[in-house]
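Summary of structural features
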Amino acid sequence: MSTKVTIYDVAEAAGVSLKTVSRVINKELSVRDSTQEKVIQAIESLGYQPSQSARSLAGSKSFLLGLVYSNPSPSYVIRAQKGALNACREGGFGLVILPCDYQQSDLAVWLIAQIKAARLDGVVLTPPLTENKDLREALESADVTVSCVAPELVEGSLSIGCDDQHAARQICQLLIDKGHKHIAHIAGHPDHSASQLRQKGYRQALESNGLTFQNGWLTQGYFDFESGRACAEKLLKQVPRPSAIFASSDDMACAVLVVARQQGLKIPEQLSVVGFDDSPQATQMWPQLTTVKQPVEAMIAAATQLLINQVREESSSEAALGQKILSCELILRESVASPSS
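So, a few notes on the structure that sits alongside this text. Everything numeric here is computed off the predicted structure, so don't read it as measured data.

A word on the overall build of the chain
Helix and strand counts for the chain come out as 14 helices and twelve strands. For the chain, the C-alpha atoms occupy an extent of roughly 85 × 35 × 35 Å along the three principal directions. Per-residue burial over the chain gives 52% buried out of 341 residues. Taking contacts inside the chain between residues at least 6 apart in sequence as the whole, the part at least 24 apart equals 74%.

This is the structure in structure tokens:
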């Protein structure tokens, strides 16, 4: 009966410590070439397959990271998990998923307990959690390494952002270039800075083109379909009626399409509609939705890679700060046209 080869066997065959074997397995840069070659030869000759527990045993690291999110959008969660998993797979780390409620009163205590129990080497924090300064400071005080994904860069932290304000301004400029002057906006959740940035982009587009901002054409949504429906019903009662609506999420934009159809409006002939996110729903509606594609998967992957580099102590000080902004992309589909006379 064959016995499974262990990390101890590799260390003994190579004549090195468990710590050194772990460093070679995890491609750390602090091992001499000659030592690395001995370990690799021992691994190959013994047919050793490293396990997560063996790697953890060899040093103080668990080689596990956490992805922490509080987001009602299934498409966001799926893309976020995919980005984190891809980066962890390439970096030789495992991933623990930690969904939570950003409004819970004991969030910091609960999250730190989860991180310590799982022996995580660090966590990727997503919005709106990244906007909670008290939470970030609590994690820092607990010596938890954090990489943030946020609409704006988080000062002094590993951080990946995306220019929501510029993207919102671009998509509103698209409507203006089509000839729209009566453009309404459904804002996202007021607790999210992304909502504020997208609203700023909307107002900037109006102001830079000499169009008057009207309070009646700004409604408060919460990023979900039901709030989008309520906002659409309110906006489409306005006189004059907006010729275009920019919703701060695709879920809310899809609700606008439904309400407009129920009221007998033709889209895009009588009403143009644009969203933000490029979620799967954007191509499942008819007409398909013009929107902004936010690189969620790439943002999470980049934040995870920054975290891996930090855990391995391979980052330069500049890279560790991770002050990086990724670009959004306009996705043009059938829900926009010039306003009818």
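As for the environment of H180
Assignment of secondary structure puts H180 in the loop between helix 8 (164-177) and strand 6 (183-187). Overall, the relative accessible area of 2% leaves H180 in the buried class. Measuring from C-alpha to C-alpha, the distance between H180 and L211 comes to 9.9 Å, with 31 residues separating the pair along the chain. Within the local environment of H180, its side chain forms a polar contact with the side chain of S272, the two groups lying 3.2 Å apart.

Things to note about the sheet that holds strand 3 (residues 122-125)
Spatial strand order, 2-1-3-4-5-11: six strands in an open sheet with parallel pairing. Across the chains shown, the open sheet's two edge strands, defined by having one partner strand only, are strand 2 (94-99) and strand 11 (324-326). Pairwise comparison of adjacent strand axes, ignoring direction, gives a mean angle of 20 degrees for this sheet. Bridge count between strand 1 (residues 64-69) and strand 2: six bridges; the pairing is parallel. When the sheet's bridge partners are listed, L64 is paired in strand 2 with G94.

A few points about helix 6 (residues 107-118)
Across its twelve residues, helix 6 extends 17 Å between first and last C-alpha, which sits within 8% of the 16 Å expected from 1.5 Å per residue. For helix 6, the complete set of buried residues consists of L107, L111, I112 and I115. The arc that holds the buried residues of helix 6, viewed along the axis, is 120 degrees, so those residues lie on one side. Exposed residues lying more than 90 degrees from the buried face of helix 6 are V109 and A117. Looking at the buried side of helix 6, the elements it contacts are strand 1, strand 2, strand 3 and helix 7 (133-141).

Quick word on the packing of aromatic side chains
All told, the structure shown has two aromatic pairs when counted by the stated rule. Between Y202 and F213, the aromatic rings sit 6.3 Å apart at their centres with planes inclined by 75 degrees, giving edge-to-face as the arrangement. Of this pair, Y202 sits in helix 9 (residues 193-208) while F213 sits in the loop between helix 9 and strand 7 (218-220), placing them eleven residues apart in sequence. Classification of Y202 by relative accessible area gives buried; the value is 0%. Across the ring face of F276, the terminal group of R198 is positioned such that the distance to the ring centre comes to 3.8 Å. Positioned above the aromatic ring of F213, the side-chain terminus of R203 is 3.7 Å from the ring centre.

Concerning the sheet that holds strand 9 (residues 272-274)
Reading across the sheet, the four strands line up as 7-6-8-9 and stay open at both edges, with parallel pairing between neighbours. Of all the strands in the sheet, just strand 7 and strand 9 have a single pairing partner and so form its edges. Strand-to-strand twist across the sheet, computed as the mean angle between neighbouring axes with direction ignored, equals 15 degrees. Both strand 8 (residues 244-247) and strand 9 contribute to a ladder of three bridges, which runs parallel. Note on strand 9: the bridge partner recorded for F246 is V274. Relative to strand 6, helix 10 (residues 225-235) is tilted by about 155 degrees, and along the sheet it contacts strand 6, strand 7 and strand 8.

With respect to the side chain of S249
Relative to the elements of secondary structure, S249 occurs in the loop between strand 8 and helix 11 (250-262). The buried category is assigned to S249, whose relative accessible area is 1%. Excluding residues within four positions of it along the chain, S249 makes contact with F223, G275, F276 and D277.

Quick look at the pairing of strand 8
A two-sided burial pattern is seen for strand 8, the buried positions comprising A244 and F246 on one face and I245 and A247 on the other. Bridge count for strand 6 against strand 8 is four bridges, and the pairing is parallel. What sits directly across from I186, in strand 8, is A247. After leaving strand 8, the chain enters helix 11 and then returns to the sheet as strand 9, a path that is right-handed.

Some words on the side chain of T130
Within the fold, T130 resides in the loop between strand 3 and helix 7. Setting aside chain neighbours within four positions, we find T130 in contact with L125, R136, C148, V149, A150 and V154.

Focus on the pairing of strand 1
Looking along a regular strand, one sees the side chains alternate between the two faces of the sheet. With five of six residues buried, strand 1 is to be regarded as a mostly interior element. Handedness of the crossover joining strand 1 and strand 2 through helix 5 (residues 74-91): right-handed.

A few points about the packing of helix 1 (residues 7-14) against helix 2 (residues 18-25)
Two elements in contact, helix 1 and helix 2, have axes separated by 9 Å at closest approach and are oriented at 105 degrees. Accordingly, the angle class assigned to the pair helix 1 and helix 2 is roughly perpendicular. Taking contact as the criterion, the partners of I7, Y8, V10 and A11 in helix 1 are, on helix 2, L18, V21 and I25.

Procedures and definitions
Residues numbered from 1 in each chain as written. Predicted model: local features only at pLDDT ≥ 70, side-chain atom pairs only at ≥ 80, totals over all residues. Heavy atoms only, no water. Helix = DSSP H or I, 4+ residues; strand = E, 2+ residues; numbered from the N terminus. Buried < 20%, exposed > 50% of the residue type's maximum accessible area, 1.4 Å probe, protein only. Contact = heavy atoms within 4.5 Å. Polar contact = N/O pair within 3.5 Å; in protein donor to acceptor, adjacent residues only side chain to side chain. Pairing = 2+ DSSP bridges. Axes fitted to C-alpha atoms, helices over the stretch in contact; angles between N-to-C directions. Expected span 1.5 Å × (residues − 1). Arc of directions from axis to C-beta. Phe/Tyr/Trp six-rings, centres within 6.5 Å; stacked < 30°, edge-to-face > 60°. Lys NZ or Arg CZ within 6 Å of the ring centre and 35° of its normal. Right-handed = clockwise from strand over helix to strand, strands pointing away. Parallel < 35°, antiparallel > 145°, perpendicular 65-115°, else oblique.

Purely geometric stuff here, so don't read any function into it on its own.
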